[in-house]
Amino acid sequence: MSHIAQSEGPRVTVPLIQQWKGEGRRLVMTTAYDAVAARIADPVVDMILVGDSVGNVCLGFDNTLPVSMAMMNHHLEAVTRTRPRALVVADMPYLSFHLGPEETIRNAGGFMQRGAGAVKLEGGAKRIDMVRALVDCEIPVMGHLGLTPQSVNVMGGFKVQGRAAADALRLLDDAHALQEAGCFALVLEGIPSELAARATETLRIPTIGIGAGPHCSGQVLVFHDLLGLIQGHKAKFVRTYVDGFAQLQDGMARYAEDVRSGAFPGQAESYALPQALQAAVAAWTPKS
Ligand code: KIV
């Protein structure tokens, strides 16, 4: 049975996300960094995140820190050219929202001009002024707390956050501060389920979990993780729905085999010369 019909419906907007949270509808988000991924995801998800995870997932970096605004704009445009029905959230990369409100607004505004419906930025209390500045410019902001990958050097690696009392309570304070600053939703990444549950039940805005247990208002997984396209270490929170890497590699191997054996291309994949030209072409010889 196809599952594709499940998501047909209106274009997803920030007010619709808020309405769905009120109705208790669980929200579905994944990443997309290009037009193919956007077209695969769009019929079935509510939100597409053009994440700075493009840096480690697709561009070969060890983490997200080298990802620039130019790179993000390039990938965002590839996604928005497909005119997705889902809400497109553009991720603000490292240093794009740290240097003051003016630069933050210019960067986020550029995302909106390229077709994003909202932006996402990492961090809590320290980022409140930037969140307020964006909201004042009519830019919907999604917050991101917990295991925030841009803080990898401060965290000393990609480690679950909020396990110490002070950290857990600070995260709840930060979540509420972001809500009051105007965030329309919050990503909660890499934190204990109970902490995510407490944030979710005390906030008005939806929480989108990744490695934050089952009690969030919705979930986000990286496209390449959920489709099994990444080899090697798999984080505990990832569930793989297709063995994508092996299946695609199998397709590639069959193609190579067919080329080497002469089985590809066949008549079906070839163009025929008009009958009237065949004799002339066959009789032609090189000039020298
Ligand atoms: O960039 C990204 O993919 C993210 C998600 C992991 C939430 O920020």
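Right above here is the structure, for reference.
What counts as what
- Residues numbered from 1 in each chain as written.
- Predicted model: local features only at pLDDT ≥ 70, side-chain atom pairs only at ≥ 80, totals over all residues.
- Heavy atoms only, no water.
- Near = heavy atom within 4 Å.
- Polar contact = N/O pair within 3.5 Å; in protein donor to acceptor, adjacent residues only side chain to side chain.
- Nonpolar A, V, L, I, M, F, W, Y, C, P; charged D, E, K, R; others polar.
- Helix = DSSP H or I, 4+ residues; strand = E, 2+ residues; numbered from the N terminus.
- Expected span 1.5 Å × (residues − 1).
- Buried < 20%, exposed > 50% of the residue type's maximum accessible area, 1.4 Å probe, protein only.
- Contact = heavy atoms within 4.5 Å.
- Axes fitted to C-alpha atoms, helices over the stretch in contact; angles between N-to-C directions.
- Parallel < 35°, antiparallel > 145°, perpendicular 65-115°, else oblique.
- Left-handed = near helix turned anticlockwise from the far one by under 90°.
- Phe/Tyr/Trp six-rings, centres within 6.5 Å; stacked < 30°, edge-to-face > 60°.
- Lys NZ or Arg CZ within 6 Å of the ring centre and 35° of its normal.
- Core = buried A, V, L, I, M, F, W, Y, C linked by side-chain atoms within 4.5 Å.
- Pairing = 2+ DSSP bridges.
- Salt bridge = Lys/Arg side-chain N within 4 Å of Asp/Glu carboxyl O.

Here's the deal with the site of the ligand
Around the ligand, a shell composed of Thr31, Leu49, Gly51, Asp52, Ser53, Asp91, Lys120, His144, Val187, Glu189, Ile210 and Val222 is seen. A distance of 3.1 Å is found between an oxygen atom of the ligand and a side-chain nitrogen or oxygen belonging to aspartate 52. Contact between the ligand and lysine 120: an oxygen atom at 3.0 Å from a side-chain N or O atom of the residue. When its residues are assigned to classes, the shell around the ligand shows four nonpolar, four polar and four charged.

Structural notes on helix H8 (residues 165–181)
The terminal C-alpha atoms of H8, which comprises 17 residues, lie 24 Å apart, in line with the 24 Å expected from a rise of 1.5 Å per residue. Among the residues of H8, Ala168, Leu171, Leu172, Asp174, Ala175, Leu178, Gln179 and Ala181 are the ones counted as buried. Where the residues of H8 are buried, they touch helix H6 (128–136), strand S5 (141–146), strand S6 (185–189) and helix H9 (193–202).

Some details on the packing of H8 against H9
Interhelical geometry of H8 versus H9 gives an angle of 30 degrees and a closest axis separation of 10 Å. With respect to H9, the axis of H8 lies roughly parallel. You can see that H8 and H9 cross each other, and the crossing is right-handed. Across the interface between the two elements, Ala168, Leu171, Leu172 and His176 from H8 touch Leu195, Arg198, Ala199 and Thr202 from H9. Considered class by class, the residues forming the contact of H8 with H9 number five nonpolar, two polar and one charged.

Quick look at the packing of aromatic side chains
One pass over the structure, following the stated rule, counts one aromatic pair. The lysine or arginine in question, arginine 25, covers the ring of tryptophan 20, its NZ or CZ lying 3.7 Å from the ring centre.

Brief notes about the nonpolar core
Judged by nonpolar contacts, the single largest core of 50 residues is most densely connected at Met92, Phe111, Val119, Leu134, Leu186 and Leu188. With residues near it in sequence (within four places) discarded, leucine 134 still touches Met92, Thr104, Ile105, Ala108, Val119, Leu121, Ile139 and Val141. Membership of the second largest hydrophobic core comes to 19 residues, among which are Leu16, Met142, Val187 and Ile210.

Here we look at the sheet that holds S5
Spatial ordering of the closed barrel is given by S1-S2-S3-S4-S5-S6-S7-S8, a layout of eight strands whose pairing is parallel. Taken pair by pair, the neighbouring strands of this sheet meet at an average axis angle of 25 degrees, ignoring direction. Pairing between strand S1 (residues 27–31) and strand S2 (residues 47–50): three bridges, direction parallel. Note that in S2 the partner of methionine 29 across the bridge is methionine 47.

Topic: the pattern of salt bridges
Using the criterion set out here, one finds 11 salt bridges in the structure. We note a salt bridge from arginine 132 to aspartate 129, for which the minimum N-O separation is 3.8 Å. Here the residue arginine 132 and the residue aspartate 129 both occupy positions in helix H6, the gap between them amounting to three residues, near one helical turn. Residue classification places aspartate 129 among the exposed residues on the basis of a relative accessible area of 55%. Residues glutamate 180 and arginine 204 are paired through a salt bridge, measuring 3.7 Å at the closest nitrogen-oxygen approach. In this pair, glutamate 180 is assigned in helix H8 and arginine 204 in the loop between H9 and strand S7 (207–210), connecting sequence segments 24 residues apart.

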